[in-house]
Amino acid sequence: MSSHTQEALAPVVERDAAIPIVQVIRGRVETGGERLYRSRDLGAPLAAPAADLNAWVFPRSEPQPAMNLPIGEVMDFLGELGARLDLDRNDHLRRAFELAGRVNVLGAKALEQGYRSLGVFFRRDYLDAEYAQALGSMDDGWREVERPDGSLMRVRPFPARILHVLAGNAPGMAATAIVRGSLSRGVHLLKLPSNDLFTAPAILATMAEIDANHPLVQSFSAAYWRGGEQQIESALFRPQFFDKVMAWGGGDAIANVQKYMSPGLELVSLDPKTSISIICREAFANDRTLMQAAAAAGVDVGSQEACGSSRVQFIEGSVEEADRYCAELLDQLRFQAETAGGGRVTPSDLREEVNALRLMDPEYRVWGEPDGRGLVVRSEEPVEFDLISRTVNVVPVANAIEAAKYVNVATQTVGVYPAQRKVGLRDALCAGGAQRVTTLGAGGARPSFGRPHDGFYPLNRMVRWVADED
Amino acid sequence: MDGVDLVAERDTPLHGAAVDQLVRAIDGEAPYARSQAQLLPLQIAALDERFQKRRAQIKVLDQRARDVGVDRITRLADIVPLLFSHQTYKSYPESFLTRGQWDRMTKWLGTLMTKDCSGLDMAGVEDVDGWEQRLAAAGFPLRASSGTTGKASFLPWSQADIEWHRRFNLAALAFQGLPPEHRYICISMGNASGPHRPVDRSRVLAQGYAKPGQIYNLFERRASIVEINRLGALRKAMVDGTIAPADLITYETNVAQRTAETEAGVQRLIRVIKGAGDTPIMIHGGWAAMLQLVQAARAAGVADGSLPAGSVYEIGGGPKGAQLPDDYEQQVHGFFAGARYMSLYGMSEINQPTACCSCARRHIPSSLVPILLDETGEQVLDYAHGATGRLGLFDLSMEGRWGGVITSDLVRIETDPCDCGLHGLRLEFIGRYSDQAGGDDKLTCAGTMAAYIRGAIDP
């Protein structure tokens, strides 16, 4: 393309109209709009402070500041932080919430709910569970182990240097990364995603207000560059500066990161995933059970922005039963949309795919409108297009176990109704690639702390296991 | 010009007075003579005539019109939500193809057609080529996208469209100073026949300009859409998890065979060029194929600028995502130095090309209505005094399907009189929105199996 073309197609960002991105570098809050960007999803104009890469990396000559901070003190600090993340009293958080709607497709009420529930990520009982489950015990620092020949060894989950490529589909993602990062006691550069530019800096700024010199505050930086910005990424993604790159999702992002991987720099990838539901024949016992199942399935669909959001739902029953379920599900999706106060507008590609199927009755049937408030497509086998904007594909199967053949390594959560049918399904589902089987409706009920994610414990992968042997 | 007069031939009034009046202006300067101010009321009336007739025939159009609440076209903005994107013509479930559900494919295609193809017997159809040929034999020709990656699109066409396409293209070439004369060696960098639009263009050139027996194609066989089908099946098998490693090796072997066939074809065409003597050559192809020919010809000792006097070359489309060197245009033009370069701007979705006048500006024929849009394709831009935006088009000649399309092209439209003296609309191609580079910065943890596919199968 000629330069003329590039200019014509390049988004024009007016500096004055741009939303300022705040960067927090080891407790120092940075503002100033040196670099202009445009956000991916909603095209909002953005202005980021200068890219001072030297300040973003943590020199290997300096030990990690929180390396020997007792875990009890780490948790105390996180507890105090959690208490300060109150949307009504915290100006940083307030600003993050007010700007979030400009770059994130979640509805206003869903965003508010996301910010109001940040405190739960800092609950002491969840922090304990996360630490003990992921690292095997509550032991702090070096733990002595007797080897088979009677000799002694000390092992330690050693803090690492991590560059996080954050996901931004919900505010909780930033909190999760900061909590796990703190528990690991390593040093962390958080690369902000363009659909949540504000939550991580707000949390880090709150931390700095507690104590700007606290070792944990000194362990975190959050900066923005456009994903794939070669000049920055090729300088940063190096084992000289980081041990690990932690990618919290996004197929393109992971592909981007992979080209920089080399010996000494490990990619910890929480791969992009999709989730499904299985509604067994017990749902058709009576009208109440059908509504119960559809309501639980609607909760698991949610805003349909996350890996845990249900997209394909297998119905153990006839086409007629599936159709009854579809009508009920549509009501539940609309209720969810109402509760969230909006959401992603149905993309035109998806609208066209669904509209084409509308004309393919009886092989396909469609409930709802492409308005982002709920759309249900019933088909004989899963449709091939991406399901988003509260669009659910319902597939009738004679026996629930048949759903397992559609499970693959991209399947994250499988929600099952009723709970007692999980036992008969879980081995087949996990053999196909699924990593999590839940009671329908419980997929997003609690923080992910203390349980495996993507087939591993993320905190366990955020440390380096080192040994001192006799 | 030979060929039937399609408008006069049919019962009158067929489409209403406005459509007939505009579509009839085919030859010479007639399609480019009238100004925007003169044309617009007539074009709006013609759009409404087309809309009223087609919505009764095309289910998808009627559904769309009901969704957006459009009942009449009284201004250009009314047609905007009714423009079809390329997505519309690939909205079939791919399993119809991969499982050979030809009745369902036909039913799907039928929702986009002006004629009723229901009840057509698909018994014995074995693959997508067989399906296409069964439809063509029953009077329902279609055109498939030639893309070797991604999902294929299928556009219903008609015999009348094939004839319109031929007449519009020959008329545009004549307007550019190339009246049909059977005195060329015609070379096409594509297939001898098949349901791809570049093949139609080659056929028109051969019909209008080839010396008897002097037609050469890179592939002297029918274009097959089975290859696209096979690729789709492979991708689906990967997503389903039913793929076996041996299938992948078979696929890579097929790719190697195809590469070898292309190389052999290029060498055969170079022999044709070397043996042309004084007979001028008319050559037509896409950028990637043309570059391959040029590089091979140079390697075979054919000097730059050595084509016979009076030769003509034409290159269609953009690089279409192919990995080409930065200087591919210079490399190609350098080889053809001295030959006449014909530059037409058209696309598979419409019957009519735009032609360049003596000032090298592209003129839009009056039966092709441009609709200028913002980047999202939702807001109409006023181009009464010239404007730049995303191009939508309505081809008033389209018979087999809906004539309204939205493109990914960024263009400038001018309305002031051209230096050549013609008053009609002009168009300048600026770029393609889909060519914009950029990584994914918006991260969510959601993703499908499609993200787990790598290599040649990844579109």
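The structure under discussion appears in the preceding block.
Rules and cut-offs
- Chains are numbered independently. Their residues run from 1 in the order of the written sequence.
- Numbering of ligands from 1 and lettering of chains from A proceed in the order in which they are written.
- With pLDDT at 70 or above as the cut-off, local features in this predicted model cover only qualifying residues; side-chain atom pairs require 80 or more to be listed or tallied, and sums for whole chains, interfaces and linings still use all residues.
- Only DSSP runs of H or I covering at least 4 residues are called helices, and only runs of E covering at least 2 are called strands; the numbering of each starts at the N terminus.
- As a reference, a globule follows 2.2 Å times the number of residues to the power 0.38, and the radius of gyration itself is taken over C-alpha atoms.
- A pair of residues counts as a contact when their C-beta atoms, built from backbone coordinates, are separated by no more than 7 Å.
- Each residue is classed by its C-beta neighbour count within 10 Å, where at least 20 other C-beta atoms makes it buried, 12 or fewer makes it exposed, and intermediate counts make it partly exposed; the C-beta atoms are placed from backbone geometry.
- Throughout, right-handed denotes a crossover for which the path from the first strand over the helix to the second runs clockwise when the strands point away from the viewer.
- When DSSP locates at least two bridges between a pair of strands, those strands are taken to pair.
- In this analysis, axes come from line fits to C-alpha atoms, helices being fitted only over the stretch in contact, and the angle between any two N-to-C directions falls in the range 0 to 180 degrees.

Colleague: Just to check I follow, could you spell out the overall build of chain A for this structure?
Modeller: In terms of regular secondary structure, chain A is built from 15 helices and 20 strands. Relative to the 2.2 N^0.38 estimate, which gives 23 Å for 470 residues, the radius of gyration of chain A is 24 Å and therefore close to what a compact globule would have. Expressed along its principal axes, the backbone C-alpha trace of chain A runs to roughly 70 × 70 × 45 Å. Sequence-distant contacts, at least 24 apart, represent 73% of the contacts inside chain A between residues at least 6 apart.

Colleague: Help me out: how do you make sense of the pairing of strand S14 (residues 310-316) of chain A in this one?
Modeller: On a regular strand, one side chain projects to one face of the sheet and the next to the other, so that they alternate. All names here are of chain A. Of all 7 residues that make up S14, 7 are buried, and the element is covered over most of its length. For the handedness criterion, the β-α-β arrangement of strand S13 (residues 274-279), helix H11 (residues 287-301) and S14 is classed as right-handed. Here S14 pairs with strand S17 (residues 391-397) via 5 bridges, running parallel. Counted as the bridge partner of Gln313 is Val394 from S17.

Colleague: Can you help me understand the sheet that holds strand S8 (residues 161-165) of chain A in this one?
Modeller: Backbone-to-backbone hydrogen bonds pair the strands of a sheet. The strands run either parallel or antiparallel. Residue and element names in this part refer to chain A. As summarised here, the arrangement of the 7 strands in space is S3-S2-S10-S9-S8-S11-S12, forming an open sheet in which the pairing is mixed. Two strands close off the open sheet at either side, each with one partner strand: strand S3 (28-30) and strand S12 (266-269). Taking the axes of each pair of neighbouring strands and ignoring which way they run, one obtains an average angle of 20 degrees across the sheet. In this structure, S8 lies alongside strand S9 (residues 187-191), joined through 5 bridges in parallel fashion.

Colleague: What should I look at first to understand unusual backbone geometry in this one?
Modeller: Outside of glycine, negative phi angles account for most residues, and trans bonds account for most peptide bonds. In this chain, A:Asp361 is followed by A:Pro362 through a cis amide linkage whose omega measures 5 degrees. Structurally, the position occupied by A:Pro362 is in the loop between helix H13 (348-358) and strand S15 (365-368). Along the chain, A:Tyr417 connects to A:Pro418 via a cis peptide bond; the corresponding omega equals -10 degrees. With respect to the helices, strands and loops of the structure, A:Pro418 is situated in the loop between strand S18 (411-417) and helix H14 (422-432). Backbone geometry places A:Asp454, a non-glycine residue, at a positive phi of 60 degrees. Accessibility expressed as a C-beta count within 10 Å gives 18 for A:Asp454, which makes it partly exposed. Even without a glycine there, the phi angle at B:Ala360 is positive, about 65 degrees.

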